[in-house]
Amino acid sequence: MLDYDEKRNYMRMNVDCDITYKTLDGSDEKRGHCTSLSGAGLSFIADTPFEPGLAMDVCVKPKKSLTPPMNALIEVVRCTEKAPDQYEIAATIKSIKG
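Quick notes on the rules
Residues numbered from 1 in each chain as written. Predicted model: local features only at pLDDT ≥ 70, side-chain atom pairs only at ≥ 80, totals over all residues. Heavy atoms only, no water. Salt bridge = Lys/Arg side-chain N within 4 Å of Asp/Glu carboxyl O. Helix = DSSP H or I, 4+ residues; strand = E, 2+ residues; numbered from the N terminus. Buried < 20%, exposed > 50% of the residue type's maximum accessible area, 1.4 Å probe, protein only. Contact = heavy atoms within 4.5 Å.

Enquirer: Is there a simple way to explain the pattern of salt bridges in this structure?
Expert: Opposite charge on two side chains makes pairing possible when the charged atoms of those side chains draw close. All chains considered together, the criterion is met by five salt bridges. In this structure, D16 engages K63 in a salt bridge whose closest nitrogen and oxygen atoms are separated by 3.0 Å. Separated by 47 residues along the polypeptide, D16 in strand β1 (residues 13-23) and K63 in the loop between β4 (55-61) and β5 (70-83) bring together distant segments of the chain. According to the relative accessible area criterion, K63 is exposed, its value standing at 62%. K97 serves as the salt-bridge partner of D57, at 2.3 Å between the closest nitrogen and oxygen. Here D57 is found in strand β4, whereas its partner K97 is found in strand β6 (residues 86-97), with 40 residues between them in sequence. Owing to a relative accessible area of 18%, D57 belongs among the buried residues under this scheme.

Here it is, written out as structure tokens:
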């Protein structure tokens, strides 16, 4: 398809790095795996499903220390079960912290 027109405002990058996440109600911080990142959103693999609309704090931790971690407030848009106890969480970035 040579005439493909990207509909996104920001290019999505496939990434392979750790992420920590927790809901804003103060639940325990958990670890996951970030799979994609853009200027407007991200997706990651978690061991727990989350409902769309849920606000969360995340910290994306690149493998190389040259790039600092990204702390952000996100809102869950979609949750898809990939395997037992493995869910792909897609979210919009509401704000970048610090």
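Enquirer: So what exactly am I meant to see when it comes to unusual backbone geometry here?
Expert: With glycine set apart, most residues show a phi of negative sign, and most peptide bonds adopt trans. Of note, D85 is a non-glycine position whose phi angle comes to about 60°, a positive value. Its place among the elements puts D85 in the loop between β5 and β6.

Enquirer: Would you mind showing me how to read the environment of V58 here?
Expert: Tracing the backbone shows V58 in strand β4. Using a relative accessible area of 4% as the deciding quantity, one classes V58 as buried. Separated by 39 residues in the primary sequence, V58 and I19 have C-alpha atoms spaced 6.7 Å apart. When sequence neighbours within four positions are dropped, the list of residues in contact with V58 reads I19, T20, Y21, L42, M70, N71, A72 and I74.

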